[in-house]
Amino acid sequence: MLKYITRRILFLLPILIGVSFIVFTLLYLTPGDPARMVLGDQATEEAVREFRDKEGLNDPFLVQYGRYVYKAVQGDIGRSYMTRLPVAREIMNAFPYTVKLALFSMLIAIVLGIPFGIISAIKQYSLFDSVMMIFAMVGLSMPVFWLGILLILFFSVHLRWLPSSGFNTIAAMILPSVTLAAQSIAIVTRMTRSSMLEVVRQDYIRTVRAKGQKESVVIWRHALGNALIPVVTVVGLQFGNLLGGAVLTESIFSIPGVGRLMVDAIKMRDYPLVQGGVLFIAVAFSLVNLLVDLLYAWLDPRIKAQYR
Amino acid sequence: MEDRKLILDIQDLSIQYRVEGGTVHAVENLNLALGYGENLGFVGETGAGKTTTALGIMRLVPDPPGRITSGRILFEGADLLRKTEDEMRSIRGGKIAMIFQDPMTSLNPVMTVDKQIAEMVLLHNDVTERQALDRAVEMLELVGIRSERARDYPHQFSGGMKQRVVIAIALACNPILLIADEPTTALDVTIQAQVLELMRELRRKINTSLVMITHDLGIVAEMCDKVAIMYAGRVVEYATTEALYNRPVHPYTEGLFNSIPDIDRDEEELKVIQGLMPDPTNLPSGCPFHPRCPYAVESCSREAPGMVEIEPGHLVACPVRTEHRLNSVGWKGGAGR
Ligand SMILES: Nc1ncnc2c1ncn2[C@@H]1O[C@H](COP(=O)(O)OP(=O)(O)OP(=O)(O)O)[C@@H](O)[C@H]1O
Ligand SMILES: [Mg+2]
């Protein structure tokens, strides 16, 4: 198992090289001059030229990329063009917001989605099931910004119960987390339901019933243990995605998270920040995936046997 | 029917599955009886309704789509269909146990096998978890699996071993009625023989009554005292093994025996039964076998045949083949209808 984890972490290296190369290429090909963006329209030709020289933007592509990798290996991923702060620090300032937002909304999605899915499945075609499936459909198709604005209008403007921006108090975290969770709740509910429906038809569930086991134990112990396995994958992927920053939610609720940082960086052609950000997201995503795989092995002994 | 104490007496049982495009009459007015300590072979081609009947006895017919629409299942004299779910739970596993058809999928993949056996023990005995696990290991050894393997997961076992685990679960609480649904179909011949021997041995030890569901007339001859032949949801012939093998009466039974390859007779071709099993959502009128029956007469397509007792304990649902015997024995009402 430990060997497996080590190997998976070593796999990160080629992933990072690949990701950084692709991002570097894309940025290189993107129109727009960072010097102009950073220095503003009023800047003199000379100032622009000086900036480009200093940042090595006139060098050939491969030289630029080589220099980036060379420094990155030593732990230096550059400074933001805009703030002149180290990229690592910029990301680390934004990341806690993103993690909190992702954690909270995933928590909501799990705490609501899994029980909803289970009840929907064991009461298939009931009123509850129909209502849940309609909600899930609405949740999936409702644009995030629209839901966010609706929630702000109702809970912040109309009722004045919850703040509409910021992310430092529990009260302030509720609306953004719910907004972001809406889709995940819908996805987790549907996944749990279909997985559960699949599992309760299996022969081994019938075997448990034939033992004379109580229906509640049949469902919560035997069926759920099996039905959760695919749900874990979905939750993991969702969480990984959320770690990349929820641009829309962060913008609506003015949360200074990774999503907003990245969008601003892209707008301003802040190359080092974009590159650093993408690398960081790639690492976070890979680690979450590894975690999901480990959880998977813990839930399913058949998979554990394959992890060598 | 002769006076013997019945452990199981199924009367006019009908079970249906509602599916798209119609209703499957999986079991239709089925009558069946089993005495204490008896071995009944339950034979019929695929889709005849054998598993459905067994699930009916356990009250485990999946609903939806299935439903028991009529009949009585008397177990030790009391109708199982009138029991509450709680009463059924203590009967399932405790008094009636079932060995399921497909061992590959019958075990929970995320639970070690000792726990799966212990669960059964815990449900029907007043023991601690520790004692239940000990009993599980005992059961595993009884079915020939070494105790070191007790903490393994099902995927670490071969098909034959899984079948043994399934048997160990079924036998863990000494049921008085055991329903074995093709317990050997999934196994190769040598393991098959071992499993049968095992079941015989266990039967000797705890004197269980057995319903053995199978396609295999050879196994029936070896294991069973009584045989019921099922066709399209009905029992068409019921007799002692000895009577049935020597004097098969129903044309379908006859067809079954003729389709067994016989090394002594060297015939070019097997006499297989003509035609196919009828569409279960749209059974032929009258006797469901009449379209395939070489003896069919015009009235067969009109009247559903009742069971006739042609000699003590030998019942047949075929007026054509039993007509000439009627004078000597007479119609027996009640037993079939
Ligand atoms: N869950 C179900 N839904 C719909 N129809 C079903 C279901 N289970 C069984 N049937 C139908 O009921 C009929 C009887 O099936 P059953 O499984 O009892 O047959 P069987 O005699 O056990 O066959 P086999 O020898 O193949 O195991 C078949 O026509 C089958 O298609
Ligand atoms: Mg079957």
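A short tour of the structure in this document, coming up. (Residues numbered from 1 in each chain as written. Chains lettered and ligands numbered in written order. Predicted model: local features only at pLDDT ≥ 70, side-chain atom pairs only at ≥ 80, totals over all residues. Heavy atoms only, no water.)

### Concerning the overall build of chain B
Move 1: Across its full length, chain B carries 10 helices and 12 strands.
Move 2: Computed over the C-alpha atoms, the radius of gyration of chain B is 21 Å, within 12% of the 20 Å expected from 2.2 N^0.38 for a compact globule of 337 residues.
Move 3: Referenced to the eigenvectors of the C-alpha coordinate spread, the extents of chain B come out at roughly 65 × 50 × 45 Å.
Move 4: Within chain B, the proportion of its 337 residues that are buried is 53%.
Move 5: Sequence separation of 24 or more characterises 64% of the internal contacts of chain B that already satisfy a separation of 6 or more.
Move 6: Working note: accessible area of chain B is about 15,100 Å², and carbon and sulfur atoms make up 49% of it.
Move 7: Treating the 35 positive side-chain charges of chain B as one cloud and the 47 negative ones as another, the clouds have centres 4 Å apart. (Helix = DSSP H or I, 4+ residues; strand = E, 2+ residues; numbered from the N terminus. Rg over C-alpha atoms; globule rule 2.2 N^0.38 Å. Buried < 20%, exposed > 50% of the residue type's maximum accessible area, 1.4 Å probe, protein only. Contact = heavy atoms within 4.5 Å. Areas by Shrake-Rupley, 256 points an atom, 1.4 Å probe, with all protein chains shown as cover. Lys, Arg positive; Asp, Glu negative; His and termini not counted. Charge placed at Lys NZ, Arg CZ, Asp CG, Glu CD.)

### Quick word on the sheet that holds strand β9 (residues 226-231) of chain B
All names here are of chain B.
Move 1: Across the sheet, which stays open at both edges, the eight strands sit in the order β6-β7-β8-β3-β9-β10-β12-β11 with mixed pairing between neighbours. Looking at strand neighbours, the two that pair on one side only are β6 (96-99) and β11 (308-311), the edges of this open sheet. Between one strand axis and the next, the sheet turns by 20 degrees as a mean value, whatever way the strands run.
Move 2: Of the pairings in the sheet, the one linking strand β3 (residues 39-43) to strand β8 (residues 209-214) comprises five bridges and is parallel in character. (Pairing = 2+ DSSP bridges. Axes fitted to C-alpha atoms, helices over the stretch in contact; angles between N-to-C directions.)

### Focus on the coordination of the magnesium ion (ligand 2)
Move 1: Distances from the magnesium ion (ligand 2) to its protein donors, namely B:T51 (OG1) and B:Q101 (OE1), fall within the range 1.8 to 2.4 Å. Here B:T51 is found in helix α1 (residues 50-58), whereas its partner B:Q101 is found in the loop between β6 and α3 (113-124), with 50 residues between them in sequence. (Donors = N, O, S within 2.8 Å, 3.2 Å for Na, K, Ca; no water.)

### A short note on the layout of surface pockets
Move 1: Roughly 1,100 Å³ of internal volume is contained in the largest pocket.
Move 2: Of all the secondary-structure elements, those providing two or more residues to the lining of the largest pocket are α6 (87-122), α9 (170-200), α10 (203-210) and α11 (215-243) of chain A together with α2 (85-91) of chain B.
Move 3: The dominant element in the lining of the largest pocket, judged by the number of residues it contributes, is α11(A), at four residues.
Move 4: Residue composition of the lining of the largest pocket, grouped by class: 13 nonpolar, four polar and 10 charged.
Move 5: Space inside the second largest pocket adds up to approximately 450 Å³. (1 Å grid on protein atoms, 1.4 Å probe; cavity = no way out; pocket = protein on both sides within 12 Å on 5 of 7 lines; lining within 4 Å. Points joined across faces, edges and corners; volume = space filled by probe spheres on them. Nonpolar A, V, L, I, M, F, W, Y, C, P; charged D, E, K, R; others polar.)

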